[in-house]
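Descriptive analysis of the structure
Each chain, written out:
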Amino acid sequence: MSDNMSVGRLQHWWKSPWVGLALVLVVAVLLRYPGLGSVPPGLSFDEAGNGVAAMDVAMGQYRLWWPIGGGKEPLIAYLLQPLIGLFGPTSLALRLYAATMGVVTVAGTYWLAWEMFVATSTSEGEQKNSWLVPLLAALGLATAFWHVALSRVAFRALALPAVEVLAVAWLWRALRISGRVEGGTRSWLHFVGAGALIGLAAYTYLPGRFIPVV
């Protein structure tokens, strides 16, 4: 009896969406964080400009726009502050921002695919057929060369897909549960959260201004 219970618990644990997400995030982290301060070597023009903006904030010069290299949105300059506090004004601190945004994007992709293909399933059979979709979607992004490469350089652009995918996933959830109460939270709170992220996109990178239109 105890063996059957253990097998049942193991099957329930393995089918949990958190297990698939955790495994994908481990892959994403292993491809993005090791050797981040030295691979690739040196700093590019854009990375250095982002570092200048971050140091301005560290010295008390607060702005919503930096006229460096054609202009820079402010989110990276402010979110870099705790990393600079921990690791100093180094390439590692700069690139940790991009790598973390890359991992957040992978997690957001999993959440969005879950909302679209699993949470909307009407039967247990449909869920069994669709739970692999978020896993494969997130794993595909976690291992995609272009995303891994860009996650290892301090480009402010990495925040845009992270914020965008979270906004769309949250909006999808808000639309799905609209008109009813789930877990004690009314759906309008989810719309507020999605709207806040959509607004935040304008402070990440130039194309973020078009996210509300999309």
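Since the model is a prediction, treat every value here as computed from it, not as a measurement.

Next up on the list: the overall build of the protein chain. When you go through the protein chain residue by residue, the secondary structure sums to 11 helices and two strands. Of the regular secondary structure in the protein chain, the N- to C-terminal order runs α-α-α-α-α-α-α-α-α-α-β-β-α. Residue burial in the protein chain is summarised as follows: out of 214 residues, 38% are buried. When contacts within the protein chain are restricted to residue pairs at least 6 apart in sequence, long-range pairs at least 24 apart make up 70% of them.

This part covers helix α10 (residues 159-176). For α10, spanning 18 residues, the distance from its first C-alpha to its last is 26 Å, which sits close to the expected 26 Å at 1.5 Å a residue. Within α10, the full set of buried residues consists of A159, L160, A162, V163, V165, A167, A169, R173 and A174.

The subject of this paragraph is the environment of G199. Structurally, the position occupied by G199 is in helix α11 (residues 187-200). Along the backbone, G199 and E164 are 35 residues apart, and their C-alpha atoms lie at a distance of 9.8 Å.

On to the pattern of salt bridges, then. For the structure shown, the criterion picks out six salt bridges. Note that E73 and R209 form a salt bridge whose closest N and O atoms lie 3.3 Å from each other. Residue E73 is found in the loop between α3 (45-58) and α4 (75-79), and its partner R209 is found in the segment after α11; the two are separated by 136 residues along the sequence. Taking the relative accessible area as the measure of exposure, R209 reaches 41% and is therefore partly exposed. In this structure, E115 engages R176 in a salt bridge whose closest nitrogen and oxygen atoms are separated by 2.9 Å. One end of the pair, E115, is in helix α6 (residues 91-118); the other, R176, is in helix α10, with 61 residues separating them in the sequence. Judged by its relative accessible area of 3%, E115 falls in the buried class. When its relative accessible area of 24% is taken as the criterion, R176 is described as partly exposed. Salt bridges sharing common partners tie together E73, R156 and R209.

Quick notes on the rules
Residues numbered from 1 in each chain as written. Predicted model: local features only at pLDDT ≥ 70, side-chain atom pairs only at ≥ 80, totals over all residues. Heavy atoms only, no water. Helix = DSSP H or I, 4+ residues; strand = E, 2+ residues; numbered from the N terminus. Buried < 20%, exposed > 50% of the residue type's maximum accessible area, 1.4 Å probe, protein only. Contact = heavy atoms within 4.5 Å. Expected span 1.5 Å × (residues − 1). Salt bridge = Lys/Arg side-chain N within 4 Å of Asp/Glu carboxyl O.

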